[in-house]
Each structure stands twice: as structure tokens, then as C-alpha cells.
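# Chain and residue survey
What follows is the residue order along each chain.
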Amino acid sequence: MNTVRDYDFSGKKAIVRVDFNVPLDDHFNVTDDTRIRAAAPTIKTILEKGGSAILMSHLGRPKNGPEDKFSLKHIVTKVSEHLGVNVKFVSDCIGEDVEAEANNLKAGEVLLLDNLRFYKEETNGDNAFAEKLAKLADCYVNDAFGTAHRAHASTTIIAKFFPKDKMFGLLLAGELESIEKAIKTGKAPLTAIMGGSKVSSKIQIITQLLDKVDNLIIGGGMGYTFSKAKGGKIGNSIVEDDFLETALNVLKEAEEKGVNIYLPVDSLIADDFSNDANTKVASAGEIPDGWEGLDCGPESRKVFGSVIEQSGTVLWNGPVGVFEMETFGAGTKAIAESVVRATENGAFTLIGGGDSVAAINKYGLADQVSYISTGGGALLELLEGKVLPGVDAVLN
Ligand code: AMP
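Each value, and the rule that gives it
Residues numbered from 1 in each chain as written. Predicted model: local features only at pLDDT ≥ 70, side-chain atom pairs only at ≥ 80, totals over all residues. Heavy atoms only, no water. Helix = DSSP H or I, 4+ residues; strand = E, 2+ residues; numbered from the N terminus. Rg over C-alpha atoms; globule rule 2.2 N^0.38 Å. Buried < 20%, exposed > 50% of the residue type's maximum accessible area, 1.4 Å probe, protein only. Contact = heavy atoms within 4.5 Å. Areas by Shrake-Rupley, 256 points an atom, 1.4 Å probe, with all protein chains shown as cover. Lys, Arg positive; Asp, Glu negative; His and termini not counted. Charge placed at Lys NZ, Arg CZ, Asp CG, Glu CD. Near = heavy atom within 4 Å. Polar contact = N/O pair within 3.5 Å; in protein donor to acceptor, adjacent residues only side chain to side chain. Nonpolar A, V, L, I, M, F, W, Y, C, P; charged D, E, K, R; others polar. Pairing = 2+ DSSP bridges. Right-handed = clockwise from strand over helix to strand, strands pointing away. Axes fitted to C-alpha atoms, helices over the stretch in contact; angles between N-to-C directions. Salt bridge = Lys/Arg side-chain N within 4 Å of Asp/Glu carboxyl O. Core = buried A, V, L, I, M, F, W, Y, C linked by side-chain atoms within 4.5 Å. Domains from an automatic or database assignment. Buried area = accessible area lost by both parts, 1.4 Å probe. Parallel < 35°, antiparallel > 145°, perpendicular 65-115°, else oblique. Left-handed = near helix turned anticlockwise from the far one by under 90°.

### Thoughts on the overall build of the protein
On a plain count of helices and strands, the protein comes out with 14 helices and 17 strands. Computed over the C-alpha atoms, the radius of gyration of the protein is 23 Å, within 12% of the 21 Å expected from 2.2 N^0.38 for a compact globule of 396 residues. Dimensions of the protein, computed from C-alpha atoms along their principal axes, come out at roughly 70 × 45 × 35 Å. The buried share of the protein, taken over its 396 residues, is 55%. Taking contacts inside the protein between residues at least 6 apart in sequence as the whole, the part at least 24 apart equals 73%. For the protein, the accessible area works out to roughly 16,800 Å², and carbon and sulfur atoms hold 46% of it. Averaging the coordinates of the 41 positive side-chain charges in the protein and doing the same for the 56 negative ones gives two points 3 Å apart.

Shown next as C-alpha cells:
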């Protein structure tokens, strides 16, 4: 894989697609700088190797052209802090002013362009717009994993203007290598934990995973569609009746392929979708009417924990309960702790998808697993077996 490590940047200007779509408070302070921190090693590498960097990103969802609240000017100080250089800023991303600033850029300097999405041409994947961006630099670096599944001008189309001088940043390369390690070259047994609310949003991934994993733990809301499909009583638990047959097919296919499927054997059930609801534990398939399953129960936690802790590789996507409410967080917390123990035992553990990352952060265990993916949609599409346009454009 061609990365910034392999390229000679001396005297070269690199245009770098980063994901600086960071949250801002009402006073435009960056409230979570994870994404800026994550892109810093790539930019520093370019500078250390004698190049200069032109950074481009989107921020939020501007509707019709420039909007002050979505300007990247708000993050210049934060980016400067992380890079240890005074980052220059230009209040546009194409045009004469931008070209003049780019021309003046010297080795070791960094220029941040304003929000790409002030132009609808960005998300439309417009060729002429991509060409204008490309004109600013000698080489192209894609380090934005979070948008690699989009064929936007700056993530995909621009690459063709650099047939030889295009490469991945360290963050994006690290994401691809980690996912490859988790699903292709990892140590057996490989266990995937799939949680979340709906079968419908995860079914493609589950189907793909059946060809790769040894164990598949299915938890969260989607477990109840499986439970009902097997003839269980699920009370008022979340269910997708259109997916009952799909669920049965998954179970059948798993058996044919020798994949062990682990569904919850018990649930923490509640008489209301609320932190203050009355709760009790029910066996799987025995949830009375008027009650709903909002977390996996104590026996399930033991079974899941034992499978996870004996794994060589673990992939976790989605909470196994409504962990946002304290009352229903024990299952997800137990999964997080088991993933940490698996890591301590020598397993490669990868966590991805907004909610499971939020969960591992909530329990303060993020630094005790092997890899946390920064990509939501991009990760899911990779796991679904799709080729990401942003990755393909750099590779081919
Ligand atoms: P997803 O976006 O499909 O990954 O789903 C994540 C959401 O699933 C989280 O907000 C959880 O609160 C929710 N969830 C997990 N378990 C359940 C459950 N048993 N019933 C309802 N929602 C759930």
C-alpha cells in the first residue's frame, strides 16, 4: 500500500484530504479534537520529509454555499496546536486567492482551505472542481477514512489528476490494515459481535461475515427478530417482522458454514423504555406481553464473555443493549470488558461503528483494545465487502 512513508516530498506541495469534521460548541470551540489528532502524523510526516501541506476537509452540512458557522477558520488554532506550526488559512478552497496562497507555500508550511462543501460540486463529484483542487499541488494524499466510501471530488475524483503521485495517509492506511488484519489475516478463532437496533441495517455485514468468522455473537435489539423467528415470545421488544425469514436463513447458513451463532440466552426486560422502568430477567423467548428486552441478561454475559476471551481476533460493532440508559448498560459494559481481556490475552481486537466506540469511551477502556476505527459508514461498507471509491481511486 502506497503511503506518505514511501514518497519523497522534498520541495513538493501535497494536497491532503483530511476529515476535520469536528464538533464545535456555540462559541466555535472544538469540543472533540480526535480527528485532528488522528490526521497529525500524516501531515507531520509530509513536513518532516521536506514538503508542504495543503489541507482540505468538509465541516458539517452547509446547504447553499458559504456559511460562517461551517467555516474551517474556527479550527485553525486547534490544528496549529497539534501540528506545532502556524497554520495559514484561506477563506475558500478554489480560485485565484487560493492559488496565490498555494504558490507561496514553502517547505514546512501548512495551508488550510475552507470547507469543500461550500461547493455542491464537492459532493457531486464534479470533475472540473476536482481539477481546480488538483492544480494547487504536486501530489495527493487521502487520509479521510470517514469519507472514503463517498465518490466526492476531493475523496475520489481528484486522484486521477495524480496518476503517479497519489497515496494514502497513515490514518487511512492504518484503518485498512487493521480491518484486513481483523477479517482476513487475523489469528483464529475470529469472533464478531454484532449489536445495534436493527437486523435490516446489519444484514449485509452479517451475511459477509458468515464466510469469515468462527463465532458470531448477535445482541442488541436485533436479537429479538432472531428470537421471534425461532418461535420465541418477545413481548414488546423491538422487532422487524419483515426480516424473520432472513433471520432464519442466517441461522441455517451459519450451520452449513460451521459458524457458531450465539444469541442471548436471557434478557433484562423492562415495563417501559425508561431508566426508571421496573426490570427483571427473563429467559430468551419467554418475554411476557407488556415487557421489552433492553439488555442481555447475566447468563448471556457469561456465555458471550467466555467466547470473546478465548478468541484470537475480535471485531465488535454495535451495543448489545440500550447502553445510553444506565439501567440497560451492563451487557454492553461486559462486552467492552471482555474485549479488553481478550486483548490482554493476545487477541487483535477492533471496535468500529459510532455506538460501540461511544460505549468503549464511556467505560474508559478505549486505550485497552487493539484498534478503534474512526469510520462509521466507511467501516460498515468495507465489512459488507464493498470497494470504497476513495480507496480504489488511490490504488488503481
Ligand atoms: P445501530 O444504530 O443499529 O447500531 O443501533 C444502536 C442503537 O441500538 C443504540 O442506540 C442502542 O440503544 C440500540 N439498542 C440496543 N439494544 C436495543 C434493544 N434491546 N432495544 C432497543 N434498542 C436497542
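### Structural notes on the site of the ligand
Close contacts around the ligand come from 16 residues, with S197, K202, G293, E324 and D355 the closest. In the model, an oxygen atom of the ligand is placed 3.0 Å from a nitrogen or oxygen of the S197 main chain. Relative to its unbound accessible area of 510 Å², the ligand is 80% covered by the protein chains. Of the residues contributing to the shell around the ligand, the split by class is 5 nonpolar, 7 polar and 4 charged.

### Comments concerning the pairing of strand β2 (residues 52-56)
Counting buried positions along β2 yields 5 of 5 residues, so the element is predominantly enclosed. Side chains S52, I54 and M56 project from β2 onto one buried face, and the interleaved A53 and L55 project onto a second face that is buried too. Here 5 bridges tie strand β1 (residues 13-17) to β2, and the two strands are oriented parallel to one another. Its bridge partner being in β2, A14 is matched across the sheet by A53. Note that the unit made of β1, helix α1 (residues 34-48) and β2 has a crossover that is right-handed. Summarising the sheet, β2 and strand β4 (residues 110-113) pair through 3 bridges and their orientation is parallel. Paired with I54 across the two strands is L111, which belongs to β4.

### Focus: the sheet that holds β1
The strand order across the open sheet built from 6 strands is β3-β4-β2-β1-β5-β6, with neighbouring strands paired in parallel fashion. Every interior strand has two partners, whereas the edge strands, β3 (88-90) and β6 (166-168), have only one. Sheet twist, expressed as the mean angle between neighbouring strand axes with direction ignored, is 25°. As defined by bridge partners, β1 adjoins strand β5 (residues 139-142) across 4 bridges and the pair is classed as parallel. In the sheet register, A14 faces β5, and the bridge partner there is C139.

### Topic: the pattern of salt bridges
Per the counting criterion, the structure on display carries 17 salt bridges. For E326, the salt bridge identified is with K362, shortest N-O distance 3.8 Å. Linking E326 in the loop between β15 (313-317) and α11 (330-344) with K362 in helix α12 (residues 354-362), this pair joins segments that are 36 residues apart in sequence. Residue classification places K362 among the partly exposed positions, given a relative accessible area of 39%. Note that E384 is salt-bridged to K386, the shortest N-O span being 2.9 Å. Among the residues examined, K386 registers a relative accessible area of 36% and is labelled partly exposed.

### Observations regarding the nonpolar core
Ranked by internal contacts, the top residues of the largest apolar core, which has 67 residues, are I15, I54, L113, L133, F145, I158 and L216. Structurally, this core is a two-domain feature, drawing no fewer than three residues from each of domain 1 (4-172) and domain 2 (186-383). Residues contacting L113, with those up to four places away along its chain left out, are I15, I54, L55, M56, L72, F89, V90, D92, C93, V98, L133 and L136. Counting 30 residues, the second largest nonpolar core, distinct from the first, contains A14, I36, L72 and V76.

### A short note on the domain arrangement of the protein
Partitioning the protein into structural domains gives domain 1 (4-172) and domain 2 (186-383). With centres defined by C-alpha atoms, the gap from domain 1 to domain 2 works out at 37 Å. Taken together, the contacts link 5 residues of domain 1 with 9 residues of domain 2. Each partner contributes to the roughly 580 Å² buried at the junction of domain 1 and domain 2, and carbon and sulfur atoms together form 65% of this total. Among the residues domain 1 hides against domain 2, the three largest losses belong to F145, H149 and L171. Together they make up 80% of the total. Per-class residue counts for the side of domain 1 that touches domain 2 are 2 nonpolar, 2 polar and 1 charged.

### Focus: the sheet that holds β15
Taken in spatial order, the 6 strands line up as β10-β8-β7-β15-β16-β17 in an open sheet, and their pairing is parallel. Either end of the sheet is taken by a strand with one partner, and the two such strands are β10 (260-262) and β17 (371-372). Taken together, the 2 bridges between strand β16 (residues 348-351) and β17 define a ladder with parallel strand orientation. Within β17, the position partnered with I351 by the bridge is I372. Strand contacts of helix α6 (residues 170-183): β7 (190-194), β15, β16 and β17, with the helix running at about 120° to β16, the strand carrying the most contacts.

### Some points on the packing of α1 against helix α2 (residues 76-83)
When two helices pack together, their arrangement is given by the angle between their axes and by how far apart the axes lie. Where α1 meets α2, the axes come as close as 9 Å, and the angle between the chain directions of the two elements is 55°. In terms of their interaxial angle, α1 and α2 are classed as oblique. In terms of crossing hand, the pair formed by α1 and α2 is right-handed. On α2, the residues that touch I36, R37, A40, I43 and K44 of α1 are K78, V79, H82 and L83.

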